[in-house]
Amino acid sequence: MTETFRPSGEYPPQQSSAPVHHGGTQGAWPPPPAHAPEAPRTGPAPRRRRAKGPVALLAAVAIAAAAVGGGTAYAVQTLTDQGTHSSATSTDAVPTSKKGTVSGVAEAVGPSIVEISAATAQGKSTGSGVITTSGGEIVTNNHVIAGATSIKVRTADGKTYDAEVVGTDSKKDLALIQLKGASGLKPATLGDSDSVKVGDEVVAIGSPEGLTGTVTSGIVSALERDVTVSTGEDQEQPRSPRGGWPFEFGGQEFNGDTGSSKTTYKALQTDASLNPGNSGGGLFDMNGNVIGINSAMYSPSSAQAGAESGSGSVGLGFAIPIDTVKDDLGKLRSGSKT
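Residues numbered from 1 in each chain as written. Predicted model: local features only at pLDDT ≥ 70, side-chain atom pairs only at ≥ 80, totals over all residues. Heavy atoms only, no water.

This part is about the overall build of the protein. The helix and strand inventory of the protein stands at six helices and 15 strands. Of the roughly 17,300 Å² of accessible surface on the protein, a fraction of 55% belongs to carbon and sulfur atoms. (Helix = DSSP H or I, 4+ residues; strand = E, 2+ residues; numbered from the N terminus. Areas by Shrake-Rupley, 256 points an atom, 1.4 Å probe, with all protein chains shown as cover.)

Okay, structure coming up:
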């Protein structure tokens, strides 16, 4: 892990006005008709109907969609999402002129990332979190706040808030916390991790080593990696001296012993630089949508690194897919703590 601790009207058919001859003298020419005869009809007169009910509504929506493009989707989502905990689900986080750039993503989503400091009986745990509502709901990793006796959160503008745990899911290494007295915050936009492909560019933002708002970038290097981590229940387990949260992959242990209580989840693998303290921070696509929650990183030993400290990133990091997070939000918001 990488912390140092979403009425019928119709026109009646026209009657034929062709004159009818009612008799005359044999051999005499009949008088000319009062009006020129109409051409014979081969079928009933066409009827005109006005669209009504749902048909008219659908037509109006279609016209609106053609006129305003992507804005329609946003309006429909806004009208239908009446939940008090709705998270942003627009894909317009980054201004059009800056889409596809790391600086554009960082500028747009930076205010949605926070630094988390949790005090535990064993010391202090530092990680990151993603704002999901303007009222201060934060998603982070369970291991960042596991066993915390108090939690402090610092937002991108430098303000500090006390926070309390709302719900946890140690099996998915997820937690939801709520800031006290917060309002007007900028929620992150939740993306679609199922659409992520190997080679997609990504941006990671967090607070490694307490360096708030640090931005790194890279690509998605693999999908559905089975990563095993501690559930955070073994709080007596010491942190790795190299600073990374211990995890297992491919039958090997990294960054120390995960302990006896552990869980495995499917992760996105990225080479965006992750360091201790990035845990719980956001992994973003180039449109500024969260596609994952950064959760683990590999740190080589000092001997492997050939230096005194080997706690830096070597381009092997993991993130919990955001679709997993969205599936779990209802449970976390209900107060479940598992």
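There is more to say after this.
Taken in spatial order, the six strands close into a barrel running β1-β2-β3-β6-β5-β4, and their pairing is antiparallel. Within this sheet the neighbouring strands show an average axis-to-axis angle of 40 degrees, counted without direction. Summarising the sheet, strand β3 (residues 137–140) and strand β6 (residues 174–179) pair through four bridges and their orientation is antiparallel. Note on β6: the bridge partner recorded for T140 is A175. Of the strands in this sheet, β3, β5 (160–169) and β6 are in contact with helix α6 (residues 322–333), which crosses β6 at around 55 degrees. (Pairing = 2+ DSSP bridges. Axes fitted to C-alpha atoms, helices over the stretch in contact; angles between N-to-C directions. Contact = heavy atoms within 4.5 Å.)

Side chains of D192, D194, E224 and D327 sit close together on the surface and give a patch of like negative charge. Note on placement: D327 falls in helix α6. Assessed through its relative accessible area of 65%, D327 is described here as exposed. (Patch = residues over 30% accessible without salt bridge, like charges linked within 9 Å, V, L, I, M, F, W, Y side chains within 5 Å. Salt bridge = Lys/Arg side-chain N within 4 Å of Asp/Glu carboxyl O. Lys, Arg positive; Asp, Glu negative; His and termini not counted. Charge placed at Lys NZ, Arg CZ, Asp CG, Glu CD. Buried < 20%, exposed > 50% of the residue type's maximum accessible area, 1.4 Å probe, protein only.)

Attention now goes to the nonpolar core. Judged by nonpolar contacts, the single largest core of 28 residues is most densely connected at V105, F284, V290, I293 and V325. Only α3 (102–109), β6, β8 (201–206), β9 (214–230), β12 (262–270), β14 (289–297), β15 (317–321) and α6 provide two or more residues apiece to this core. Broken down by element, the residue count for this core peaks at four residues, all from α6. Residue contacts for V290: discarding those within four places in its chain leaves V130, A188, T189, L190, G191, L283, F284 and I322. By size, the runner-up hydrophobic cluster in this structure holds 16 residues, among which are I151, V153, A175 and L179. (Core = buried A, V, L, I, M, F, W, Y, C linked by side-chain atoms within 4.5 Å.)

All right, on to α3 then. Since one α-helical turn is 3.6 residues long, residues separated by three or four positions face the same way. Of all the residues in α3, the buried ones are G104, V105, A108 and V109. In an axial view of α3, the angular spread of the buried residues amounts to 105 degrees, which keeps them on one side of the axis. Along α3, the residues that are exposed and aim more than 90 degrees away from the buried face are S103 and E107. At its buried positions, α3 is contacted by β1 (113–120), β8 and β13 (282–284). (Arc of directions from axis to C-beta.)

Here we come to the pairing of β6. Most of β6 sits out of view: five of its six residues are buried. Sheet analysis places β5 next to β6, joined by six bridges and oriented antiparallel. Of the residues in β6, the one forming a bridge with T168 is A175. Hairpin connection from β5 to β6: four residues lie between these consecutive antiparallel strands, with D173 at a positive phi of about 55 degrees.

Of note, the phi angle at D173 is positive, near 55 degrees, even though the residue is not glycine. Along the chain, D173 turns up in the loop between β5 and β6. Of note in this structure, E224 is not a glycine but carries a positive phi near 50 degrees. Considering the arrangement of structural elements, one finds E224 in strand β9.

This next bit is on the pattern of salt bridges. This structure, assessed with the given rule, holds eight salt bridges. For D328, the salt bridge is made with K172, and the minimal N-O distance between the two is 3.6 Å. Pair noted here: D328 is in helix α6 and K172 is in the loop between β5 and β6, with a separation of 156 residues, a long-range link. Between K326 and D323 there is a salt bridge whose closest N-O contact spans 3.5 Å. Remark: D323 and K326 occur in helix α6; sequence separation between them is three residues, near one turn of the helix. For D323, a relative accessible area of 14% translates into the label buried.

Once that is clear, we can look at the environment of G135. Relative to the helices and strands, G135 resides in the loop between β2 (123–131) and β3. For G135, a relative accessible area of 30% corresponds to the partly exposed category.

Take G158: it is sitting in the loop between β4 (148–154) and β5. It is 9.4 Å that separates the C-alpha atoms of G158 and T212, two residues lying 54 residues apart in sequence.

This part is about the confidence of the model for the protein. Any segment with low pLDDT has predicted coordinates that should not be analysed in fine detail. Here the protein shows a mean pLDDT of 75. Residues at 70 or above account for 60%. Long-range and interchain partners of residues 235–243, a stretch whose pLDDT sits below 50, account for 21 contacts in this model, where long-range means more than four residues apart. (pLDDT = per-residue confidence, 0-100.)

With that settled, the discussion passes to the pairing of β3. Neither face of β3 is left uncovered, since the one carrying E137 and V139 and the one carrying I138 and T140 both have all their residues buried. In this structure, β2 lies alongside β3, joined through two bridges in antiparallel fashion. Counterpart to I131 in the pairing with β3 is I138.

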